Amino acid sequence: MPKKVRVRFAPSPTGGLHLGGVRTVLYNYLFAKHHGGDFIVRIEDTDQTRFVPGAEQYIFDCLQWCGLIPDESPVHGGAYGPYRQSERKEIYRQFAEQLVKNENAYYAFDTPEELEQMRNNFKTEQNPSPQYDIHVREKMKNSLTLAADEVQKLLADGARHVIRIKMPQGETVSFTDMIRGEISNETSLVDDKVLLKADGMPTYHLAVVVDDYLMKITHAFRGEEWLPSAPVHVLLWKYLFGLENMPQWAHLPLILGPGGKLSKRDGAKYGFPVFAMNWTDPKTNELTEGFREKGFLPEAFVNLLALLGWNEGTEQELYTKEELIQKFSIDRVHKGGAKFDYEKAKWFNHEWIKKLTVDSLQLTVKEILIAKGMEISDDAVLTKVIGLVKDRCTLLPDFYEQAGFFFQTPTQWDVDAAKPKWNEDKKKFFEEFALKLAGIGNWELGELENVFKILATEKNIKPGELQLPLRIMLVGGKFGPPVFQIAEILGQSETVFRINKALEVF
RNA sequence: GCCGCGUUGGUCAAGGGGUUAAGACGCCUCCCUUUCACGGAGGAAUCACGGGUUCGAAUCCCGUACGUGGUACCA
């Protein structure tokens, strides 16, 4: 019987969650759910110097908004906790010591200053960034170069030290990536990465292997920036837990911005969000806009992210989360990085607004309008309004532009737009029209149009020439749904009121 | 510098030895609509380059270029 699929998203809580991060979560989630497995969130907070208050909560808020709910996490619980690496600190040391004992790792006592010095000394034009590797470790202060009793003494004295992996010489480490196939690296080209830091915390390299093992992770997804250090992880698996227990790796392609790699600066520069939700840096107070606040629906956000790097091979582009779960497969994930296209992102949102029912939009739209100072006294009216305008809304705030006038009498009119064809006859028409409207018995679309047409014929004015002025009177400008439908929803007294009020300035 | 990974229209992409090289976004034209959308019909636009292998290459191989990542006691 095959093992139950278990995947993990392992963010470092150091700031906002950007597009690429959410997509990594998504692919994890879709893969897990497709296979009936578990989706785990593990917080990789081993770097205490980079602790950012609120960042962890923010990550979970984003997941909540996207509807990607973990089965296990520090806040959702689970049988393999704790799920914060800072709370697992004691676990890692024994594995690091085990590696030392088996001569796969060693103690290193070099100070940061000495490391810096080494890099300066060995720096040449051919080798601008020398690494702590097989070539230099003989020249450094570590348990490979020091006498055994000296090492014991240093350890006993509590000297600050790290544990480094001892990369073997002349070996080829290879593994099969689910997206890229066979990947090979020469061990002599990889440096002796620090496994356990001087403060006793593991680095990513040790922690990811130990925790993936302890948490029984079967498939590991991460960004392709991890590819170069993959051989370290593979070796660690071999030394510690056996290659046969190693999860299957999948290194996801990058998401690029307009000028290369996507950074939060791109957002400010090109006017589109980069983070899932608004993020305010607690130190600088700098706000980075999020997709949620920009007016994206979570359904659309998830949909567009899924298609950025994955394609089913059909012409379908609109997917619900359930369809994605059903259809997602890792071997249809692209190898190449994808440039994020904000125009297409907006198209997805527009499609989703059109696709969603009025009911499911109602609450969100109501909140937006209320936030803009509208008073919504009648939900039935709002329902009609949403149905009428949703096709012309791309982002959620567009509902305010497209429908705000239903709940607020215009105070300004785009008179200029009507002016060129405006004259006394038309003014008279509207004065009379207002009177007739006030007398209508059954206020409904057909009746309104009738009264309008008959009067126009009577006055010998083309109805078409009267529609634009009427629109501007009712909504303030050249926008909105069909004008008589607006009047019908506005109601008799409000319509008459608006015409008369506008006539004062026309 | 070295190492890894990648490269089909402007963007997302299908296609993986023989196709008129799908589709979508965006752009343009027209129809619908006397607002703007929605909808409909069209259009322009692509296999990074150079060598092979082959009867035949976008597809397989090798180079080059370009992009991107790594080269931290960061993840």
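Residues numbered from 1 in each chain as written. Chains lettered and ligands numbered in written order. Predicted model: local features only at pLDDT ≥ 70, side-chain atom pairs only at ≥ 80, totals over all residues. Heavy atoms only, no water.

Novice: Quick one: what's the story with the domain arrangement of chain A, residue by residue and with numbers?
Specialist: In terms of domain boundaries, chain A breaks down into domain 1 (87-252), domain 2 (357-403) and domain 3 (409-506). The C-alpha-based centres of domain 1 and domain 3 are spaced at 77 Å. (Domains from an automatic or database assignment.)

Novice: Account for the protein's contact with RNA strand B, with residues named and values stated.
Specialist: Inspection of the region around RNA strand B gives 65 residues, with Lys197, Lys261, Glu317, His334 and Arg392 positioned closest. Here, RNA strand B places atoms within 4 Å of the protein, and 65% of those atoms are sugar or phosphate. In the environment of RNA strand B, a phosphate oxygen lies 3.5 Å from a nitrogen or oxygen atom belonging to the side chain of arginine 119. For RNA strand B, a base nitrogen lies 2.3 Å from a polar atom in the side chain of arginine 392. (Near = heavy atom within 4 Å. Polar contact = N/O pair within 3.5 Å; in protein donor to acceptor, adjacent residues only side chain to side chain.)

Novice: Please provide a residue-by-residue account of the packing of aromatic side chains, values included.
Specialist: Tallying each qualifying case throughout the model produces 30 aromatic pairs. Aromatic side chains phenylalanine 430 and phenylalanine 433 sit 6.4 Å apart centroid to centroid with 75° between the ring planes, which places their arrangement in the edge-to-face category. Highlighted residues: phenylalanine 430 and phenylalanine 433, both in helix H17 (residues 424-438), separated by 3 residues, approximately one helical turn. Of the two residues, phenylalanine 430 and phenylalanine 433, both sit in the buried class. One cation-aromatic arrangement involves arginine 164 over tyrosine 132; the distance from NZ or CZ to the ring centre is 3.6 Å. Between lysine 344 and the ring centre of tryptophan 347, over which it is positioned, the NZ or CZ distance is 5.3 Å. (Phe/Tyr/Trp six-rings, centres within 6.5 Å; stacked < 30°, edge-to-face > 60°. Helix = DSSP H or I, 4+ residues; strand = E, 2+ residues; numbered from the N terminus. Buried < 20%, exposed > 50% of the residue type's maximum accessible area, 1.4 Å probe, protein only. Lys NZ or Arg CZ within 6 Å of the ring centre and 35° of its normal.)

Novice: Can you explain the sheet that holds strand E11 (residues 260-261)? Please cite residues and give values.
Specialist: On the basis of which strands lie adjacent, the open sheet formed by 3 strands has the order E11-E10-E14 and mixed pairing. Taken across any chain shown, the strands that pair with only one partner, and hence form the sheet edges, are E11 and strand E14 (338-339). Pairing of strand E10 (residues 255-257) with E14 involves 2 bridges; the strand directions are parallel. Along E14, the bridge assignment pairs leucine 256 with lysine 339. (Pairing = 2+ DSSP bridges.)

Novice: Which residues make up helix H18 (residues 445-459), and what values do they have?
Specialist: Relative to the 21 Å expected for 15 residues at 1.5 Å per residue, H18 spans 21 Å between its end C-alpha atoms, a close match to the ideal helical length. Leu448, Val451, Phe452, Leu455 and Ala456 are the residues of H18 that are buried. Projected down its long axis, H18 carries its buried residues within an arc of 125°, all on one side. Away from its buried face by more than 90 degrees, H18 exposes Ile454, Thr457 and Glu458. Among the structural elements, H17, helix H19 (463-475) and helix H20 (483-490) are those in contact with the buried residues of H18. Where H18 ends, the next residue or the one after it, asparagine 460, has phi of about 60°, a positive value. (Expected span 1.5 Å × (residues − 1). Arc of directions from axis to C-beta. Contact = heavy atoms within 4.5 Å.)

Novice: With reference to specific residues and values, describe the pattern of salt bridges.
Specialist: Side-chain pairing between opposite charges can occur once the charged atoms of the two side chains come close. Applying the stated rule across the entire model yields 29 salt bridges. Aspartate 47 is the salt-bridge partner of arginine 50, the closest N and O atoms lying 3.5 Å from each other. Assessed through its relative accessible area of 45%, arginine 50 is described here as partly exposed. For glutamate 465, the salt bridge is made with lysine 426, and the minimal N-O distance between the two is 2.8 Å. With glutamate 465 in helix H19 and lysine 426 in helix H17, this pair connects stretches of sequence that are 39 residues apart. The partly exposed category is assigned to glutamate 465, whose relative accessible area is 29%. (Salt bridge = Lys/Arg side-chain N within 4 Å of Asp/Glu carboxyl O.)

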